[in-house]
Amino acid sequence: MGIIEKMRLDGKKIFVTGGARGIGKSVATAFAEAGADIAIVDLDIKEATKTAEEISTTNGTRAIAIEADVTKPDDVNHMMDQFLQAFGRLDVAFCNAGICINAPAEDMSFEQWKKVIDINLTGVFLSAQAAGKIMLEQGGGSIINTASMSAHIVNHPQPQCAYNASKAGVIQLTKSLAVEWATRNVRVNSISPGYMGTELTLNSPSLQPLIKQWNEMTPTKRMGKPEELQSICVYLAGDTSSFTTGSDFVVDGGFTSI
């Protein structure tokens, strides 16, 4: 069997939080193209259902939509119950849901700070914890968390201290879980995207001046595309990455290199 065949995900069962659109949708699509069955987990159940139907129709694999607020333990537990009822087992968790609020630190409200931390860090912990419990019982699995290049650098000119802190926390959480579960065949890694040209980002009028600056500051002189994160996630989800755990993969067009 060649390397391409070994990287397929046939029969694997995967959930993707924040999967209705953007990076989550793109990576979920890649998982399905590689043969996996997918649960699209999102607060926006209408959009999640639409995405699941698109993925299932296009790829011939099973895709379902599950509504959940990843900041609430009861929601996450209910999501896991629904997932296991549908698929019977869990092989891969892509803990991807996240938001960003730009506000000067001196003006940021506690509510703004808490919302970012709750979704970006606590939500990743709750999702990874729930997945880890199942995987430890099963004897293995792979967890992929979405961090950011903002965990490695301070973005400029936009003020986003809560986002930066939350994503740095995701990387340290990833490493901590990886070490705790390493001998029990549960791998935990993270990806750190740079500026990504998602549909929401590109269509936001308030971000247009920033996008011009971001492109100028990036060595490749452009934003990344969500599909440019697909291959690393498929690798981390599959068996060929069996010796890869506790790692963070930066995909940023060279931004953090300067």
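Above this note sits the structure.
The sections below set out a description of the structure shown in this document. In every chain, residue numbers begin from 1 and rise along the written sequence. In view of the model being predicted, local features appear only for residues whose pLDDT reaches at least 70, and side-chain atom pairs are presented and counted only at 80 or more, with totals across whole chains, interfaces and linings using the full set of residues. Only hydrogens and water are set aside when side-chain values are computed; all heavy atoms of the structure are taken into account.

Turning to the overall build of the protein, a few remarks are in order. Secondary structure counts use DSSP, requiring at least four H or I residues in a row for a helix and at least two E residues in a row for a strand, with both numbered from the N terminus. For the protein, the count of helices and strands is nine helices and seven strands. Put simply, the radius of gyration uses C-alpha atoms, and a globule should come to 2.2 Å times the residue count raised to 0.38. Against the 2.2 N^0.38 benchmark of 18 Å for 258 residues, the protein shows a C-alpha radius of gyration of 17 Å, consistent with a compact globule. Here the protein holds 258 residues, and the buried ones make up 51% of them. The contact criterion used throughout is that any non-hydrogen atoms of two residues lie within 4.5 Å. Look at the contacts in the protein between residues 6 or more apart in sequence, and 73% of them connect residues 24 or more apart. Residue burial considers only the protein chains on display, and all accessible areas are found by Shrake-Rupley using a 1.4 Å probe. For the protein, the accessible surface area stands at approximately 11900 Å², while carbon and sulfur atoms represent 53% of it. In the protein, 22 side chains carry a positive charge and 28 a negative one; their mean positions are 4 Å apart. Each residue gets one of three labels from its accessible area relative to the maximum for its type: buried under 20%, exposed over 50%, partly exposed in between, using a 1.4 Å probe on protein chains only. A residue counts as positive if it is Lys or Arg and as negative if it is Asp or Glu; His and the chain ends are not included. For the purpose of locating charges, the reference atoms are NZ of Lys, CZ of Arg, CG of Asp and CD of Glu.

Relative to the helices and strands, I14 is located in strand β1 (residues 13-17). On the basis of relative accessible area, I14 is assigned to the buried category, the value being 0%. Along the sequence, I14 and D37 sit 23 residues apart, while their C-alpha atoms lie 6.2 Å from each other. Ignoring anything within four residues of it in the chain, the contact list for I14 reads L9, F31, A36, D37, I38, A39, F83 and V92.

Sizing a probe to match a water molecule and rolling it over the atoms shows the empty space that remains. Both site types are read off a 1 Å grid over the protein atoms alone. A 1.4 Å probe that fits but cannot get out defines a cavity, while an open set with protein on both sides within 12 Å along at least five of seven lines defines a pocket; lining residues have an atom within 4 Å of a point. Grid points are joined across faces, edges and corners, and a volume is the space filled by probe spheres set on the points. There is about 1400 Å³ of room inside the largest pocket. Around the largest pocket sit 50 residues that line it, and G98, I99, C100, T198 and T201 are the ones nearest its centre. Breaking the lining of the largest pocket down by element, the ones donating at least two residues are α2 (22-33), β2 (37-42), α3 (45-59), α5 (110-138), α6 (161-181) and α7 (199-202). Top contributing element to the lining of the largest pocket by residue count: α2, with four residues.

Turning to the sheet that holds strand β4 (residues 92-95), a few remarks are in order. Only strands that DSSP links by at least two bridges are regarded as paired with each other. The sheet built from seven strands is open, its strands ordered β3-β2-β1-β4-β5-β6-β7 with parallel pairing. Edge positions in the sheet fall to β3 (63-67) and β7 (248-251), since each has one partner strand and no second. Within this sheet the neighbouring strands show an average axis-to-axis angle of 20 degrees, counted without direction. Pairing geometry for β2 and β3, over five bridges, is parallel. If you follow A39 over to β3, its bridge partner there is I64. Think of each axis as a best-fit line through the C-alpha atoms, taken over the contacting stretch in the case of a helix, with angles from 0 to 180 degrees between the N-to-C directions. Across the sheet, α3 lies against β2 and β3, angled at about 170 degrees from β3, the strand it touches most.

With that out of the way, let us pick up the pairing of β4. Residue alternation in β4 divides its side chains into two sets, V92 and F94 and A93 and C95, and both sets are buried. Pairing geometry for β1 and β4, over three bridges, is parallel. In the sheet register, F15 faces β4, and the bridge partner there is A93. The handedness of a crossover follows from its direction of travel: if, with the strands pointing away from the viewer, the path from the first strand over the helix to the second runs clockwise, the crossover is right-handed. This β-α-β element, β4 to α5 to strand β5 (residues 141-146), shows right-handed connectivity.

Attention shifts here to the pairing of β5. Taking burial as the measure, the six residues of β5 include six buried ones, the bulk of the element. Bridging between β4 and β5 involves four bridges; their strand directions are parallel. If you follow A93 over to β5, its bridge partner there is I143. The pairing of β5 with strand β6 (residues 186-193) spans six bridges and is classified as parallel. Each bridged residue has a counterpart across the sheet, and for I143 the counterpart in β6 is V188.

A word on the packing of helix α4 (residues 73-87) against α5. Helices that pack against each other are described as a pair by the angle of their axes relative to one another and the distance between those axes. Packing of α4 against α5 leaves a shortest axis separation of 10 Å and a crossing angle of 40 degrees. In this view, α4 runs oblique relative to α5, as classed from their interaxial angle. Here α4 and α5 pass one another in a crossing that is right-handed. Of α5, the residues touching α4 (which contributes P73, V76, M80 and L84) are L126, S127, A130 and I134. Taken together, the residues of the contact of α4 with α5 break down into seven nonpolar, one polar and no charged. Roughly parallel covers angles under 35 degrees, roughly antiparallel covers those over 145, roughly perpendicular covers 65 to 115, and oblique covers all other angles. The sense of a crossing depends on the near helix, which, turned anticlockwise from the far helix by less than a right angle, makes the crossing left-handed and, turned clockwise, makes it right-handed. Gly is put with the polar residues, along with every residue not named as nonpolar or charged; the nonpolar set is Ala, Val, Leu, Ile, Met, Phe, Trp, Tyr, Cys and Pro, and the charged set is Asp, Glu, Lys and Arg.

This next bit is on the side chain of S192. Relative to the elements of secondary structure, S192 occurs in strand β6. A polar side-chain atom of S192 sits 3.2 Å from the main-chain carbonyl oxygen of S148. Pairs of N or O atoms within 3.5 Å make up the polar contacts considered here, provided that, within protein, one atom can donate a hydrogen while the other can accept it, and that residues adjacent in sequence are counted only when both atoms are side-chain atoms. Looking at S192, its side chain comes within polar contact range of the side chain of D248, at 2.8 Å. The residues touching S192, leaving out its near neighbours within four places in the chain, are A147, S148, M149, H152, I171, D248, F249, V250 and V251.

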